[in-house]
Amino acid sequence: MKTVELTNVSRWYGNVVAINNVTMTLGSGVTGLLGPNGAGKTTLLHMMSGFLAPSQGELLIGGEPAWRNPGIYRHLGLVSEREAVHGFLTAWEFVLASAKLHKLPQPEQAARRAIELVEMTDAQSRRIETFSKGMRQRTRVAAALVHDPEILLLDEPFNGMDPRQRLHMMELLHQMGSSGRTVLFSSHILEEVEEVSGTVQVIVAGRLAASGDYRTIRRLMTHRPHVFAIRSTDDRRLAVALMHEESVNGLDLDQGGLTVRAGDYGAFTRALPKIALREGLRVRQLIPSDESLESVFAYLITA
Ligand SMILES: Nc1ncnc2c1ncn2[C@@H]1O[C@H](COP(=O)(O)OP(=O)(O)OP(=O)(O)O)[C@@H](O)[C@H]1O
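Residues numbered from 1 in each chain as written. Predicted model: local features only at pLDDT ≥ 70, side-chain atom pairs only at ≥ 80, totals over all residues.

## Brief notes about the domain arrangement of the chain
What counts is decided by this rule: Each domain's extent is set by a domain assignment, obtained either automatically or from a database.
In terms of domains, the chain is made up of domain 1 (4–219) and domain 2 (223–302). The straight-line distance from the C-alpha centre of domain 1 to that of domain 2 is 39 Å.

## Details of the environment of proline 107
Worth spelling out the cut-off: Strands are runs of DSSP state E lasting at least two residues, helices are runs of H or I lasting at least four, and both sets are numbered from the N terminus onward. Partly exposed residues are those whose C-beta has more than 12 but fewer than 20 other C-beta atoms within 10 Å; with 20 or more the residue is buried, with 12 or fewer it is exposed, and the C-beta atoms are placed from the backbone. Contacts here follow a simple rule: the backbone-placed C-beta atoms of the two residues must lie within 7 Å.
Position of proline 107 relative to the elements: it lies in helix α3 (residues 107–117). Of the residues examined, proline 107 has 19 C-beta atoms within 10 Å and is grouped as partly exposed. With ten residues separating them along the chain, proline 107 and alanine 97 place their C-alpha atoms 8.4 Å apart. Apart from the residues within four sequence positions on either side, proline 107 is in contact with Leu96, Ala99 and Lys100.

## Here we look at the packing of helix α8 (residues 235–242) against helix α9 (residues 265–279)
The condition that has to hold: For helices, the fitted line uses only the C-alpha atoms of the stretch in contact; every axis is such a line through C-alpha atoms, and the angle between N-to-C directions lies from 0 to 180 degrees. Every angle not falling under 35 degrees, over 145, or within 65 to 115 is termed oblique; those three ranges are roughly parallel, roughly antiparallel and roughly perpendicular. Helix crossings fall into two classes, left-handed where the near helix is turned counterclockwise from the far one by less than a right angle and right-handed where it is turned clockwise.
Put simply, α8 and α9 touch, their axes get as near as 10 Å, and they point 120° apart. The orientation of α8 with respect to α9, classified from their angle, is oblique. Note that α8 runs across α9; the crossing there is right-handed. Here Arg237, Leu238, Ala241 and Leu242 of α8 lie close against α9, whose contacting residues are Ile275, Ala276 and Glu279.

What follows is the structure, given as structure tokens:
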């Protein structure tokens, strides 16, 4: 098994610190790299791929430095965020070109296997420009996998995919991870990460904000206080009823309606309809008022 090891890695561009003293180790299985836009995910993946040198610290792939070390490409595949496919090529030609670039002894066989793996065999003779976003992405994954790398890095692989394509890509990553490969994919969507990987690395403003089992991180996120703005047919009555609800930490009632601070998102949103029903009133509006991803991440840093 090849590991990816970062020790006190920082990277800056001029005076912008994109990655700030990150230490992490990735082993076999699927890991999600979660963070808001601009957090430094791409910078991190590019350093792992040997495209960028760390400004400070050490980054090893299978025990060897990634930077200025073409040898790592025997073990590593990268699916970058930006599209870099020639639309005039067919999927077969594109993946075969990748096999030849890797100087594989049997490029046709390798290309066939990789295309099969992403389930693109039926469409392999079509030009890439005729493909949907999901099919393109799968073709790019096939090209990155053609040399059967032990490490696969993917930058926002689910971007722009419809739910069916997403599911397919998730299955593919699962399959890669359970076959013992080290798979790291970046995303800014928590649900996406939690569906695919058991392990999560959360990165916020260049720093590692949380790391480990996603359930632990999820718990941190769900147990943070949530603020809801509520309008109902009788806000006063609802406020009185909610005072006895365990998941409610605080209430404010004014002209604008009812503001509720809940300790547990799930418990509160399950309890509210039952309480409304019991009290014979209707909830007209329920707006979580601090649900931006940034606020979730900001909470994680201070948790
Ligand atoms: N070539 C560059 N020159 C200067 N600053 C850069 C460069 N590349 C990235 N940055 C800055 O470094 C920080 C991290 O960027 P990065 O692209 O790694 O984040 P990201 O998490 O991948 O974001 P996104 O999801 O938006 O792609 C940002 O503040 C960005 O503006």
